[in-house]
Amino acid sequence: MNFTARFFKQPWQDKRVDVRAKAVASSDDPALVEQLASFAQDDEAAEVRLAALRRLNSPARWLAAREKDKDAPIQEAADQVLFKASLKVGDNAAERAGQQWLAHFASESQRRQVARKAADPAMRRMALQGISAQGFLGDCFASEKDKTLAAELLARIDQPSTLERLAESLRKSSKAKAQAAAARLADLNAEAGGSDPDHAEAERLVVEIEKLSREGGRNGLSEGLAALLKRWESVRSPDPALERRFLGARGIVESALARPASPEAASEADTDQPQANSDTQDEPSLNPDLAEAAQAIQAAIRQKKGQPLRELLGNWDRAWNALGQPGEAETALKERMLPLVKEIQHQLEFQQQAGQTSDKAKTGKRSKGKSDANAPSAEDITALLDELSATLEASELVKAAKQLARAQQALKSARGKGSAAARLNRLEGRFREIKDYQHWSNNQHREELIERVQALAGSGQHPDAISAALQEARKEWQRLESLEKLPGDKRRFASPSGQWRRFQKACQSAFDDAKPFFEKRSQVQNEHLDVLNTFIDQSKALAEDEASKTPALLEAQRTARQAIRRLDELPPGERGAAAGKLRDLMNALSSAIEQRFEAVAVKKRALVREAESLSDEADLKTAIDKAKGLQQKWKASGSGKRAEDQKLWKAFRKPIDQLFDQLGEKRQAEKEANQAQVQALEALCEQAEALGKLSAEELESAPGRMQALLDEWSDSPVKPPARLVKRLDTARDVLKQRLAEKDDQARARFRARLDELCLAIQQFADSPEQAAQQASALLEEPESANTPLLAQARERLQAVLGAQGQGQSAMDEAEQRQADARQLVVEMEFVSGQESPAEDNQIRMEYQVARLAERMSGGGRLPEIDEELLGLQQRWVNCLPLPPAEFAALDPRQQAARAVLEQMAGG
């Protein structure tokens, strides 16, 4: 790296994205070219990566970018490049990348474009794998040139309507595909049970024979008819409508065969006549007069001679009218003879018109000589007739009618007509024949429409489906009418009036079945309209009310948007007006919402300015308090536009966050400064906890030491943390519990010692000698607690023991002590609230009266419970020993009363 490169970076190394992207897109620096792949994959800016990818222009790299890069512009560019790569042929890398893109990333619309435009059949096949739309598959089948792929597509089509459309639309452009689609439709119908092979075969035969009847020329006509008749014989129980169409087309073909175009053809027709006659005679139970009339008509048309045409028609009409009830044979013969009879009628009309025009021709002979110079030539007429013949072969009647009129006009003014007139007559006959056949065929189709509409009544289909079927039938009926309306045609309607009335009646019957549903739906739609109008009126009032809240306006706007997407629930005639009202309402609501959003924004901008001014506040605590107040005002100001709210919120939070950051820093400093004091408090807690763990002997000094710790705790300059306060309270409670347990143990020992001394005194009443020995032993034991009561008990025991040694009885004055003991026990029971036996009620009553009198006289105050308990126990000791029976009766009462009094005294 040279000196300049060290200190001056290249543009493609610049930190600015636009500069770097421009350099990557256009710079020829070799160092940059080497790093293009790195830029395409690793650069942080999507714009730079996109420029590098376009510079590299590698399908593999575009595919990798499409897979790993998440930026939308790069994904879109990769889709465009890989789409074009999938259309290419001969570039293996592009084809592989296109296949991977199709398999993992292409959308359905892109797959459809590839399926239509890709040159490689394999690529088209791959694009079609994820598509199941029957209509699109049908379009691809129609345009697919690869036979294998076309067969695969046809196998994937299972929708009857699509197959019907293909069979009809491909009849002229691709006969093989049309037949394949028809066969596929027949197979599907057979599998579904909706059709059978015979019916499908009958339909195909009708289509083929109708096509044969429209073809010009005689080449192969007889052989084709024979083949179709042979195939027709194999059809079992054909549909009557199809049979009528087949027989009618057969009659047209036979008529074409019966009309020779030359003497040679006429001779051939003569040889065919016996066969035709035999066919007619072989009809089962055929009326002989009708058969004879039919043979005469066929012979006259084939040989162009015989009986007069009017006589032939008269014979046919008389034979037919004489039948009364025609049988199947007569009806079939009529279907075949109908085109021939109409041909004779047209010839009679032509002869009549020719006779009428002959007189006019004579009167205009002089003027005609003047126009001979402008008359068309034979070549012109021949060209017109050739054009007319070709149009007739294509069965384009509208165009043929115009050409026929021009040919007739040209022939009138021609100088030499020659064979042109005869040829025009034949073409006119052919025109009428095709016209009559079309009319007959259309009538058959109309009958099918009537049957289809009649089947709708009571079919149980949804009323909407019935309505759609009726619309489709009417549209098809109108289409048939338009096909038969030719230029100059004076007929108003092409269909027979009776047929039209039956069609109308069937339509009305089907509609009557669906009418209740439509009426109910109309009622529901009107109810929805009323609800919508009420909503619109209320929402308009809401939008105009300045006191309306923003949430209510937003809810109304949301409801209006939902309503405009559900206009199909309204009456059809009201949907446009309702849509206009809803748009006006949404505009009004949007305006009201915008006004409130702007008012909210104004308030929040003011709060932002106040928040920014807090930085000038000298006292941080005051600034924090003001910031908290501003936050409350912000919450109360309401919500506005999301984007504007976010922007203002960031501006509002910035100065407030700075204040709270300062407060946090201040608190952190104080926390660090108080850390030493907190540690000292923790040490005090540890000492307090140690006091609770002292031994029983050391507990005497624990209260004083705890108080010293508490004094030091209260002198701390910092507020103790809650956790330490709790810790100290726990330590105090532990120490208090230990001291209470110690006091309980001391009182228990005291009571046990007192009871032991009392029992020793009482034992002198039972066994003086044994009592003296035990008393001596007790008196020699040292006292752990030298209390006044224990001292008195020892003195009493010493006195009783001394009197025993001097020969005096311990039971001296027992009666007096016995009375004092009973009086004492009653007093203890009274003070403790215990019940006394019935025999001591008088003593208790007297004591109660004396005690009350003492209190009322004010002679002295009542002692505290502990003082009174001490005096009572001292008196009990002095009453001992008692007679054993008296002691056994009074001691339990004394013990129970003493226990209650000790509890009352807190011990």
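Being a predicted model, the structure only gives us computed values, none of them experimental. (Residues numbered from 1 in each chain as written. Predicted model: local features only at pLDDT ≥ 70, side-chain atom pairs only at ≥ 80, totals over all residues. Heavy atoms only, no water.)

## Structural notes on the pattern of salt bridges
Put simply, the rule is: Salt bridges are counted wherever a side-chain nitrogen of Lys or Arg sits within 4 Å of a carboxyl oxygen of Asp or Glu. Counting from the N terminus, the helices are DSSP H or I runs at least four residues long and the strands are E runs at least two residues long.
Applying the stated rule across the entire model yields 36 salt bridges. Its salt-bridge partner being Glu 689, residue Arg 727 comes within 2.7 Å of it at the nearest N-O pair. Here Glu 689 lies in helix H32 (residues 675-691) and Arg 727 lies in helix H34 (residues 722-762), a separation of 38 residues in the sequence. When the shortest N-O distance is used, the salt bridge between Arg 822 and Glu 886 registers 2.6 Å.

## Section: the packing of aromatic side chains
Applicable threshold: A pair of Phe, Tyr and Trp rings is counted when the ring centres sit within 6.5 Å of each other, with Trp represented by its six-membered ring. The angle between the planes then sorts it: under 30 degrees is stacked, over 60 is edge-to-face, the rest tilted. For every residue, the accessible area (1.4 Å probe, protein chains only) is compared with the maximum for its type, and the residue is labelled buried under 20%, exposed over 50%, or partly exposed between those bounds.
Within this structure, the stated rule accounts for twelve aromatic pairs. Ring centres of Trp 477 and Phe 503 lie 4.2 Å apart, and the angle between their planes is 20°; this geometry places the pair in the stacked category. Taken as a pair, Trp 477 in helix H26 (residues 463-484) and Phe 503 in helix H27 (residues 497-544) lie far apart in primary sequence, 26 residues in all. The two residues Trp 477 and Phe 503 agree in class, both being buried. The interplanar angle of 35° and the centroid separation of 5.9 Å between the aromatic rings of Trp 649 and Phe 652 together place this pair among those described as tilted. Taken together, the residues span about one helical turn, with Trp 649 and Phe 652 both in helix H31 (residues 642-673) at a distance of three residues. On the basis of relative accessibility, which here comes to 0%, the residue Phe 652 falls in the buried class. Counting every residue linked through ring pairs, the aromatic cluster contains Trp 477, Trp 500 and Phe 503.

## Regarding the side chain of Ser 836
Note the following rule: Counting of polar contacts relies on pairs of N or O atoms within 3.5 Å, with two restrictions inside protein: one atom must be capable of donating a hydrogen and the other of accepting it, and residues adjacent in sequence are counted only when both atoms are side-chain atoms. Two residues qualify as a contact provided that any one of their heavy atoms is within 4.5 Å of a heavy atom in the partner residue.
With respect to the secondary-structure elements, Ser 836 resides in the loop between helix H37 (814-832) and helix H38 (841-857). Residue Ser 836 is classed as buried on the basis of its relative accessible area, which comes to 12%. Of the polar contacts made by the side chain of Ser 836, one reaches the side chain of Glu 829; its length is 2.5 Å. Within the structure, Ser 836 has its side chain in polar contact with the side chain of Arg 844 (distance 2.8 Å). The residues touching Ser 836, leaving out its near neighbours within four places in the chain, are Val 826, Glu 829, Asn 841, Arg 844 and Arg 893.

## Focus on the side chain of Arg 596
To keep things clear, this is the line we draw: Note on charges: Lys and Arg go in the positive column, Asp and Glu in the negative column, and His and the chain ends are not counted at all.
You can see Arg 596 is positioned in helix H29 (residues 575-613). Here Arg 596 sits buried without a salt bridge, and the closest side chain of opposite charge, Asp 545, lies 6.1 Å off (N-O distance). Within the local environment of Arg 596, its side chain forms a polar contact with the backbone oxygen of Asp 545, the two atoms lying 2.8 Å apart. In this structure, Arg 596 is in contact with Asp 545, Glu 546, Ala 547, Ser 548, Thr 550 and Leu 553, ignoring residues within four places of it in sequence.

## So, the environment of Arg 583
Relative to the elements of secondary structure, Arg 583 occurs in helix H29. With 23 residues separating them in the primary sequence, Arg 583 and Ala 560 have C-alpha atoms 8.5 Å apart.

## Considering the environment of Ala 771
Tracing the backbone shows Ala 771 in helix H35 (residues 768-780). We classify Ala 771 as buried; its relative accessible area is 1%. Linking Ala 771 and Leu 759, residues twelve residues apart in sequence, is a C-alpha distance of 9.4 Å. Look past the residues within four positions of Ala 771 in its chain and what remains in contact with it is Ala 760, Gln 763 and Phe 764.

## Details of H35
Heads up, the condition is: Multiply 1.5 Å by the residue count of a helix minus one, and that product is the helix's expected span. Here, the arc refers to the directions that run from the helix axis to the C-beta atoms.
An ideal rise of 1.5 Å per residue puts 18 Å on 13 residues; H35 measures up with 18 Å between its terminal C-alpha atoms. Within H35, the full set of buried residues consists of Ala 771, Ala 772, Ala 775, Leu 778 and Leu 779. Seen end-on, H35 carries its buried residues on one side only, within an arc spanning 130°. Exposed side chains of H35 directed beyond 90 degrees from the buried face belong to Glu 769, Gln 773 and Glu 780.

## Let's talk about a negative patch on the surface
Note the following rule: Patches in this entry comprise residues that are over 30% relatively accessible and not in a salt bridge; like charges within 9 Å are linked, as are nonpolar side chains (Val, Leu, Ile, Met, Phe, Trp, Tyr) within 5 Å. Accessible areas in this description were obtained via Shrake-Rupley with a 1.4 Å probe; residue shielding takes into account the shown protein chains only. Where a charge lies is defined by one atom per residue type, namely NZ (Lys), CZ (Arg), CG (Asp) and CD (Glu).
Together, Glu 164, Glu 203, Asp 239 and Glu 451 make up a negatively charged patch on the protein surface. Summarising the element assignment, Glu 203 is placed in helix H15 (residues 197-214).

## Remarks on the nonpolar core
Let me state the cut-off plainly: By nonpolar core we mean a set of buried residues, namely Ala, Val, Leu, Ile, Met, Phe, Trp, Tyr and Cys, connected to one another through side-chain atoms within 4.5 Å.
Judged by nonpolar contacts, the single largest core of 51 residues is most densely connected at Val 24, Trp 101, Leu 102, Val 114, Leu 128 and Phe 141. Apart from the residues lying within four places of it in its own chain, the contact partners of Leu 102 are Arg 111, Val 114, Met 123, Met 126 and Ala 127. Judged by nonpolar contacts, the second largest core, of 34 residues, contains Leu 757, Ala 771, Leu 789 and Tyr 847.

## Considerations on the packing of H29 against H31
The criterion, for reference: Axis definition: a line fitted to C-alpha atoms, over the contacting stretch in the case of helices. Angles run 0 to 180 degrees between N-to-C directions. An angle below 35 degrees is read as roughly parallel, one above 145 as roughly antiparallel, one from 65 to 115 as roughly perpendicular, and any other as oblique. Put simply, a crossing is left-handed when the front helix is turned counterclockwise from the back one by less than a right angle, and right-handed when it is turned clockwise. Amino acids are sorted into nonpolar (Ala, Val, Leu, Ile, Met, Phe, Trp, Tyr, Cys and Pro), charged (Asp, Glu, Lys and Arg) and polar (every other residue, Gly among them).
Closest axis-to-axis distance for the H29/H31 pair is 8 Å, and the angle between their directions is 20°. Put simply, H29 runs roughly parallel to H31. By crossing handedness, the relation of H29 to H31 is classed as left-handed. Mapping the contact onto sequence places Ala 601, Lys 604, Arg 605, Leu 607, Val 608, Ala 611 and Glu 612 in H29 and Glu 644, Asp 645, Leu 648, Ala 651, Phe 652, Pro 655 and Ile 656 in H31. Each residue belonging to the contact of H29 with H31 can be placed in one class, and the counts come to nine nonpolar, no polar and five charged.

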